[in-house]
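So you can see what is in the structure, the chains are spelled out below.
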Amino acid sequence: MIRPTKGKTPRRPAPKKPSNNQKDPVGVYCRVRPLGTEDEECCVEVISSTTIQLHAPDGLKANRNGEFKETQYSFKKVFGIKTTQRELFEEVSKPLVEDLIHCKNGLLFTYGVTGSGKTFTMTGSPGQGGLLPRSLGMIFNSIGPFQAKRFVFKPDDKNGMEIQNQVDALLERQKRDSQQSVPKTPSSRQRVDPEFADMISPEDSCKAEGVDEDSSYSVFVSYIEIYNNYIYDLLEEAPFDPIKPKPPQSKILREDQNHNMYVAGCTEVEVKSTEEAFEVFWRGQKKRRIANTQLNRESSRSHSVFIIKLAQAPLDADGDNVLQDKNQVNVSQLCLVDLAGSERTSRTRAEGSRLREAGNINQSLMTLRTCIEVLRENQMCGTNKMVPYRDSKVTHLFKNYFDGEGKVRMVVCVNPKADDYEETMLVMRFAEMTQEVEVARPVDRPICGFAAGRRQRNQAFKEELSRRLEERGGPVDGEPPSALSQLLQSLPSLPPCEISDPADDHTFPRVIECLEKRLKVRQMLTEEYNKAANMLKSMLQELDGKLVSKENFIHEQRGKLGEKDKMIQNQKNEIDRLEKKSKMLEYKIDILQKTTNIYEEDKRALQHELESREQRLHRELSEKKRMETRLQGMVSDEKLRWQKECERRVNAKELEMQNKLWVKDEKLKQLKAIVTESKTDSRPEKPQRPSREKDRVPAKRSASPSPMPTGPPVRPLHRRSHSAGAERWVDHKPPTNVELDTVMQPTVPNAIKVTAPSEKALSKCDKYMLTHQEVASDGEIQTKLIKGEVFKTRGGGQAVQFTDIETLKQETPVAPSRKRRSSETGPNQEEHRDGDWSDVETRCSVAVEMRAGSNLGPGYQHHGYPKRRKP
């Protein structure tokens with residue numbers, strides 16, 4: 001037997017969605033919670049109804065080298081600390097509930113740092129119900145009279161709804177009531193749990209407008225939790241084993257035939273009142289708390305999703321029962337999401353499994369940010385990048401909303417304390433980027449072709465029938481007031497049917513004749529009824545056609561009106577944007593004006609300071625000139641005084657030197673008297689003091705070499721030369737020197753002769769001598785030998801320290817002698833001249849005095865005359 005191969009079921013193509021080019025931006029709202037304590041530092045300021053401003057805390061400003069920058073963020077609307085829960089609901093959640101009733105999907109999620117008030121905004125507190133209980137109250141307050149009985153709508157476990165007839169629904173209800181093991185959903189007639197009784201206030205519930213009364217509604221709720229990227233059903237009734245408790249089983253995501261994502265196997269509970277729905281939610285909350293306690297985890301580390309699913313189907317033509325057509329069932333859902341807290345892993349101070357848990361939460365939030373960024377880039381830049389929805393369960397579950405399956409709104413909760421400044425800054429940036437993403441506006445669902453007002457007509461018909469029956473005496477005892485009893489009353493009455501005699505032949509014929517008449521009347525009534533029904537049906541069809549055409553016309557007009565409203569809204573948005581921009585520019589202009597005023601004041605202050613400094617500078621310059629004039633006078637006076645003092649000292653020094661020379665002349669005369677051969681009997685004259693300098697005649701000098709002196713010798717005044725040793729000398733003679741044909745020439749043995757000093761020559765020698773020529777005051781050329789010692793420096797070079805100067809000078813032979821002759825005793829006699837050496841004794845005395853030769857200086861080789869011996 002050949003078994004047929006089982007082929008794979010081909011995927012059903014997605015139904016074509018009506019194209020809609022109209023898009024709306026994601027509505028992003030901001031809510032600021034109050035500070036925990038009054039003395040706590042605040043970093044958030046509400047500037048207007050659409051703008052907040054963030055201030056960097058003091059500690060952060062110090063870490064940034066004193067930089068101070070205030071950042072502003074704009075939202076669709078900002079709710080301050082005094083905003084009530086009702087005001088927030090009417091602005092944010094009420095439009096989503098109205099869209100839910102009109103067959104449109106919606107997504108609302110809260111986002112913010114841990115402790116910023118997300119759960120309070122979504123759930124609320126006793127006496128202050130949040131968005132979730134108020135949304136439930138508005139739904140049931142709007143559709144309460146039009147709800148179907150239980151189990152008329154039944155989930156098909158494939159994200160769809162099935163319609164059961166009245167008999168099957170009744171059997172389901174009886175089965176539910178008979179099975180005690182199956183937990184019942186709480187009834188609205190039961191007592192409300194006091195834990196959440198204050199959160200529900202039916203008197204505050206709103207009511208949606210435009211509810212279709214010709215449809216029947218049913219509400220289903222489900223509650224899931226996404227923890228560590230796993231989905232758990234919080235309403236699942238799993239058998240409890242106290243000995244070995246089993247961990248909850250995670251659920252998977254699937255895609256239905258319309259390519260919408262849903263949680264497979266998730267429990268969907270049908271509820272009929274606000275109290276019943278919120279009690280189901282509260283039961284899931286308790287289960288979540290128990291799981292957190294058992295697993296030792298925080299509730300802020302997981303995402304919670306509460307799904308409200310509204311199924312509606314039109315009534316049949318009679319307006320009595322739900323139309324048994326699955327294609328006419330419309331299912332819309334509103335997802336209320338409380339996202340986990342957004343905070344850095346370093347701030348949680350978690351370790352081990354807690355650290356992995358925080359990392360997974362941050363990863364899912366990062367995936368949400370990445371998807372928003374890619375959507376924004378695709379819309380603004382025209383790219384077609386793939387959005388990574390599948391990287392996280394949160395984004396994968398709600399990807400249809402961002403693709404145009406409903407409105408998306410986000411409430412950003414902010415804690416203004418300074419400790420959350422950096423995390424709040426990241427949340428603000430994500431919110432600012434999110435509201436730039438546009439989502440396609442959901443289209444209206446098609447309307448069935450039945451006439452409107454069927455429920456009201458059916459109700460009016462029943463009321464009218466009951467009234468007429470009451471007018472005719474009412475129904476027979478025990479008989480319901482139906483159309484059959486009315487028809488029986490309109491027929492001719494039956495004759496008496498009692499038979500007293502077996503041979504009675506009149507009763508049966510009369511009864512038969514009456515029944516035949518009643519049959520004829522009934523047939524006539526039936527024909528008239530059918531004619532009236534056909535006529536009414538044709539009239540109703542005609543009216544239905546006119547009504548459909550009018551509704552189509554109204555729909556077209558509504559579409560045009562919607563386009564006009566869109567244009568008006570766009571213009572309003574543009575006006576708001578321009579006003580916001582104008583306010584921002586005015587604020588910037590104000591800041592610039594203040595800055596300009598400050599700069600002007602600084603400029604005036606600087607100009608005033610500059611003028612005062614210029615005046616002070618002028619005063620200082622005039623004072624300086626006056627001081628220069630005064631100092632010049634003082635310098636000239638001091639110079640004249642020192643000139644006179646120098647002249648006085650020079651004259652005194654010359655007189656002292658002349659006295660010393662006179663003493664030496666006397667000693668030479670005595671020596672001359674000793675060595676002379678001829679003795680004289682004459683007594684030496686009394687020595688005379690030399691005359692003053694002013695009585696002397698200045699001698700004339702010449703550049704020619706002087707002849708050998710013939711007068712009395714003069715001892716030169718100089719130190720003993722240091723060049724007589726064995727040191728090596730550097731003999732530096734510049735090329736500009738003049739060659740003098742003098743007898744005494746400076747000569748240094750073993751010397752390196754150079755015309756310019758060099759480091760190489762200095763490194764080889766210990767001494768240094770510079771031959772310098774200059775013109776003396778008397779016009780003669782004098783030669784100076786400047787001597788010094790060579791030593792090494794720390795840098796490895798050579799340096800010279802000058803220690804001595806020797807002078808070689810010529811004088812003219814006709815110049816007057818500085819010493820007196822021994823034979824001149826008169827006070828008015830002329831002084832001997834320096835170069836007048838006339839006799840042998842004087843020359844000998846000079847030779848004896850200068851015999852050493854080398855003591856006169858470096859390189860002086862004296863050619864003195866030898867002393868003549870006595871005969």
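This text follows the structure it describes.
Small disclaimer: the values here were computed from a predicted structure and weren't measured.

A. Here's a closer look at the side chain of glutamate 225. Looking at the secondary structure, you find glutamate 225 in strand β12 (residues 215-227). By relative accessible area, glutamate 225 is classed as buried at 1%. At 3.4 Å, the side chain of glutamate 225 forms a polar contact with the side chain of arginine 288.

B. Layout of empty space enclosed by the protein. Inspection of the entire model under this criterion finds 5 cavities of 30 Å³ or more. Of the pockets and cavities examined, the largest cavity occupies roughly 80 Å³. In terms of lining residues, the largest cavity is bounded by Leu107, Phe109, Val337, Leu339, Leu368, Val394, Thr395, Phe398 and Phe402. Looking at the lining of the largest cavity, the elements with two or more residues in it are β7 (105-112) and α9 (393-397). Grouping the constituent residues of the lining of the largest cavity by class yields 8 nonpolar, 1 polar and no charged.

C. Expanded view of the pairing of strand β20 (residues 406-414). Most of β20 is tucked away, with 8 of its 9 residues classed as buried. Pairing of strand β2 (residues 27-32) with β20 involves 6 bridges; the strand directions are parallel. Note that in β20 the partner of glycine 27 across the bridge is arginine 409. Note that β7 and β20 share 8 bridges and pair parallel. Following the sheet pairing, phenylalanine 109 is matched in β20 by methionine 410.

D. How the structure looks around the nonpolar core. Core analysis: the biggest nonpolar cluster contains 54 residues, and Ile52, Phe75, Phe398 and Met428 have the highest contact counts within it. Counting residues per element, this core draws most heavily on helix α11 (residues 421-434), at 7 residues. Beyond its immediate stretch of four places on either side in the chain, phenylalanine 75 contacts Val28, Tyr29, Cys30, Thr50, Ile52, Met428, Ala431 and Gln435. Formed by 44 residues, the second largest nonpolar core is a distinct cluster that contains Leu234, Ala277, Leu334 and Leu336.

Conventions used here
- Residues numbered from 1 in each chain as written.
- Predicted model: local features only at pLDDT ≥ 70, side-chain atom pairs only at ≥ 80, totals over all residues.
- Heavy atoms only, no water.
- Helix = DSSP H or I, 4+ residues; strand = E, 2+ residues; numbered from the N terminus.
- Buried < 20%, exposed > 50% of the residue type's maximum accessible area, 1.4 Å probe, protein only.
- Polar contact = N/O pair within 3.5 Å; in protein donor to acceptor, adjacent residues only side chain to side chain.
- 1 Å grid on protein atoms, 1.4 Å probe; cavity = no way out; pocket = protein on both sides within 12 Å on 5 of 7 lines; lining within 4 Å.
- Points joined across faces, edges and corners; volume = space filled by probe spheres on them.
- Nonpolar A, V, L, I, M, F, W, Y, C, P; charged D, E, K, R; others polar.
- Pairing = 2+ DSSP bridges.
- Core = buried A, V, L, I, M, F, W, Y, C linked by side-chain atoms within 4.5 Å.
- Contact = heavy atoms within 4.5 Å.

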